[in-house]
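Here are the chains, one letter per residue:
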Amino acid sequence: MIPAPQLSSSLAAVSRSRDAGRQCAGPFGYFDEPRREYVITRPDLPTPWINYLGLEAYCALISNTAGGYSFHLDPRDRRLLRFRYNHVPMDRPGRYLFLRDEARATFWSLTWQPTCQALGPGAFECRHGLGYTTIRTRVQGLDATVEYLVPPRDPVELWTATLRNTGRLARQLSLFSYAEFCILQALMDQTDFQYTLNIAKAVRSGRLLLHLTNYFPDAGRRHLAFFGVDRALSGFDCDREAFLGPYQGEGSPQVVAQGRSRNSIASGGNPIGSHWIRLRLRPGQSTTIRFVLGASVSPAHAARMTRRYTRPSAARKARAELAASWERYLSHMRVQTPEPGVDLLINTWNAYQCRVTFNWSRSASYYESGIGRGMGFRDSNQDTLGVVHAIPDRVRARILTLARNQFARGDAYHQYFPLTGQGDKTGYSDDHLWLIVSTMAYLKETGEYVILKTRTPFVDGPPASLYEHLARALNYSYAQLGPHELPLIGVADWNDCLNPTGPRAQAESVWVAEFLYYVTNEMIALARRLGCRMDAARWARKAARLRVAVNRHAWDGAWFIRAFDDRRRPIGSHRCREGKIHLNAQSWAVISGITTPDRARRCMDAVRRFLDSPHGIRLCAPAYTTYDPSVGAVGTFEPGLKENGGIFCHANPWAMMAEALLGRADRAFTYYRKIAPTFRNRLADVHQAEGYVYPQFIAAPPHRDAGRARNSWLTGSAAWNYVFATQYLLGVRPTLDGLLLDPCLPQAWPGFCMQRIFRGARYDIHVRRARAGYRGMRVDGRPVPSRLVPVFRDRRVHRVELALAETRNGSR
Ligand code: GLC
């Protein structure tokens, strides 16, 4: 066993100090880093701040007031709990528990929503942890804590409510639970009411409420949802309308107001699960009520699950397993830097978000309904970059699944749905090329080349090796060149909304050219290593021509043009009225190495001059004010939002990487801080979205809400900011030959430490700035001539020391 770089070491202890978390506090809460929790101190945030529970097959989204929904395996085809997206009031319904004081005939919710009762100071706290959320409220002398958790092994969620009477009088109480079921097929559930409102079936069986609606995609197998509790019921409801009463919302259910369940079953209509439990609490007395909700295949299995997880010991075990599994996951890389905001992200929160995005791509969030968007092909490939060091086997499996979504001629489906495996949408010019990026990341991390020989079928062709899949992806792009010998943009490239149309379908993408150049060089390196010299030579010739084409046609004088429209007119040129400069064509000119050092510096200077803003780098400027089909849907967004000149957090780290490659450390780090959630948390009232995860974008000037973040959680921002921080800023970068140390530290930093598990050994890396004395690298005390750390694979700990020379812009 490799010793886990964990709590025993001073490194982890320091970087998880209470202080670090408090330093990044904001108006709505703070990081409790020793517990790896984000603590939210008021319920009524500008947007719901959510968490994802469930490591593998089961997923429960939950907000700071218990809103959210659940699914098993697939948010479209196996949806368990319903959500009303974009509803007023927002964030409904959820996993609610209503408490009714029988003597006073008053009631409230243990999670604030949906009754939204007035709360005194300190009467609310939500703690989002890794895979669990706890909400505390104090109302009328009753302290309540509800913990929501998804155990690692089974497709269930546990709601554990603890009530304590802090007053002087005994209390007679009724607790009503509420969960609204979805009929498994989320699309039908939201659209085809003439059908769905006549199929629902939900009944009581002892302490269990069973949702048995007879509609499921994989016919022949029964799927049901269940909701059980650990004690006898005084009543129940399975019909939503019976529970709420006519014209009532979730905040004022008639059953709760009157203190009596209707004992309704659902037979058509809207199925719910609501238990009625009567409680008596003496002063000082507390009690814990355990609910289990989940997916099952039979009532007997549901009963077993409920029995298992309502046992306090099972819940304790699940909690311990969950914690251990996250500790294991996070133990692969730990850092201590002079910036608590960086440590919080790398050690916990950015890594956590990377895992969630890896699991669910862009499918199911508060902004994505889990219906139209499945697992994105380009998205999922990029998501592997944030997790490959910790779960290489899962990444390997994902790469092979993605390869199955490729066509024999080389291009790929844009997305697929996890349960059915069904692919959807084609024609994007970059999708297939991302398979090269994920595979290379896997190879650089693990050195396991055998994956290249693994054979998987194409959508429309017999199995071929992964190497063949990659080669076809590359060759396909070279077969799709337009009038300037640049890749045709097709439906769109990475920028989904830069989709110029026209009768000739001749629009070209300069960014794809740069990206293609980058992946071609990756493939050349791979082919050489594998002894495929012919491939390497052929691709080198193609890359050379691409380089000429880009530098000849796409240099605009001070930056690179982004694309050419169908009539060969430039997009992203000083000659354009709007959208004169686009970010990606500059950052990737540097990352790909396709241009000269002089142009590389100049185009990134133009980025700073024309795209930088106080809240991050805009994707283009000036934003488009009208929709022009020859440019694309980008002009449909309000100026400053999303791809239309918004601060696209996915593309920002590419600019940071480019600056790091140019050695301009302070500039790179300034960009990083502008969008990093831990640094922005102080501005939470402006930023609005979660202070612990990246959003897809932040509104930019000229928008009146500049600084406001939207579309949090499922975004490529997670993986790429993680890649920038760990591989470029700290510069610990896996290569085919081993771990390269190439830090690019801000001037103010004296150094940093990292513990990193890599190819079967643990590296304790200490980087410091050397004003005098020895400069260079030592491994286990011995000088090493290069910056490449040897691969040991000996399951031991190795000490790596790097003394950096000073440079004008920081240390390299
Ligand atoms: C969204 C998409 C991603 C795309 C990006 C830019 O994040 O999920 O695939 O690259 O927008 O348009």
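Our subject is the structure that appears above.
Predicted, not measured: the structure shown is a model, and the values here were computed from it.

Basis of the calculations
- Residues numbered from 1 in each chain as written.
- Predicted model: local features only at pLDDT ≥ 70, side-chain atom pairs only at ≥ 80, totals over all residues.
- Heavy atoms only, no water.
- Pairing = 2+ DSSP bridges.
- Helix = DSSP H or I, 4+ residues; strand = E, 2+ residues; numbered from the N terminus.
- Axes fitted to C-alpha atoms, helices over the stretch in contact; angles between N-to-C directions.
- Parallel < 35°, antiparallel > 145°, perpendicular 65-115°, else oblique.
- Left-handed = near helix turned anticlockwise from the far one by under 90°.
- Contact = heavy atoms within 4.5 Å.
- Nonpolar A, V, L, I, M, F, W, Y, C, P; charged D, E, K, R; others polar.
- Salt bridge = Lys/Arg side-chain N within 4 Å of Asp/Glu carboxyl O.
- Buried < 20%, exposed > 50% of the residue type's maximum accessible area, 1.4 Å probe, protein only.
- Near = heavy atom within 4 Å.
- Polar contact = N/O pair within 3.5 Å; in protein donor to acceptor, adjacent residues only side chain to side chain.

1. With respect to the sheet that holds strand 22 (residues 375–376)
Then comes step 1: As summarised here, the arrangement of the three strands in space is 22-23-24, forming an open sheet in which the pairing is antiparallel. The open sheet has two free edges, formed respectively by strand 22 and strand 24 (423–424), since each of these has just one partner strand.
Then comes step 2: As judged from the two bridges shared by strand 22 and strand 23 (residues 415–416), these two strands associate in the antiparallel manner. Along strand 23, the bridge assignment pairs Met375 with Tyr416.

2. Here's the deal with the packing of helix 18 (residues 652–661) against helix 19 (residues 665–675)
Then comes step 1: Interhelical geometry of helix 18 versus helix 19 gives an angle of 160° and a closest axis separation of 8 Å. The orientation of helix 18 with respect to helix 19, classified from their angle, is roughly antiparallel. For the crossing formed where helix 18 meets helix 19, the hand is left-handed. Along its contact with helix 18, which presents Asn652, Pro653, Met656, Glu659 and Ala660, the element helix 19 presents Arg667, Ala668, Tyr671, Tyr672 and Ile675.
Then comes step 2: Its residues assigned to classes, the contact of helix 18 with helix 19 shows seven nonpolar, one polar and two charged.

3. Digging into the sheet that holds strand 2 (residues 37–40)
Then comes step 1: Read across the sheet, 11 strands follow the order 1-2-9-10-11-12-20-16-15-14-18 without closing on themselves; strand pairing throughout is antiparallel. Edge positions in the sheet fall to strand 1 (29–32) and strand 18 (266–267), since each of these pairs with one other strand and no more.
Then comes step 2: Across six bridges, strand 16 (residues 224–229) lies against strand 20 (residues 286–296) in antiparallel orientation. Within the sheet, the bridge partner assigned to Gly228 lies in strand 20 and is Val292.
Then comes step 3: Along the sheet, helix 8 (residues 312–330) makes contact with strand 10 (132–139), strand 11 (142–149), strand 12 (156–165) and strand 20, crossing strand 11 at roughly 60°.

4. Describing the pattern of salt bridges
Side chains that carry opposite charge are capable of pairing whenever their charged atoms lie near each other.
Then comes step 1: Across all of its chains, the model carries 59 salt bridges by this definition.
Then comes step 2: In this structure, the salt-bridge partner of Asp154 is Arg308, at a minimum N-O distance of 3.0 Å. You can see Asp154 sitting in the loop between strand 11 and strand 12 and its partner Arg308 sitting in helix 7 (residues 299–310), a full 154 residues away along the chain.
Then comes step 3: In this structure, Asp705 engages Arg708 in a salt bridge whose closest nitrogen and oxygen atoms are separated by 3.0 Å.
Then comes step 4: Judged by its relative accessible area of 16%, Arg708 falls in the buried class.
Then comes step 5: Sharing partners across several salt bridges, the network here consists of Arg82, Arg84, Arg92, Glu180, Asp189, Arg240, Glu241 and Glu250.

5. Focus: the site of the ligand
Then comes step 1: Lining the immediate environment of the ligand, one finds Arg362, Arg373, Arg378, Asp379, Trp494, Asn495, Asp496, Glu643, Phe648 and Gln696.
Then comes step 2: Separating an oxygen atom of the ligand from a side-chain N or O atom of Asp379 is a distance of 2.7 Å.
Then comes step 3: Among the residues forming the shell around the ligand, the class breakdown is two nonpolar, two polar and six charged.

6. Describing the pairing of strand 40 (residues 761–769)
Then comes step 1: The element strand 40 is largely enclosed, with a buried count of seven among its nine residues.
Then comes step 2: Inspection of the sheet shows strand 39 (residues 751–758) paired to strand 40 by eight bridges, in the antiparallel sense. Residue pairing in the sheet places Arg756 in a bridge with Tyr763 of strand 40.
Then comes step 3: Linking strand 39 back to strand 40 in an antiparallel pair, the connection comprises two residues, with Arg759 at a positive phi of about 40°.
Then comes step 4: Pairing geometry for strand 40 and strand 44 (residues 797–804), over eight bridges, is parallel. Residue pairing for strand 44: Ile765 is matched across the bridge by Val800.

This is a description of form; function is not addressed.
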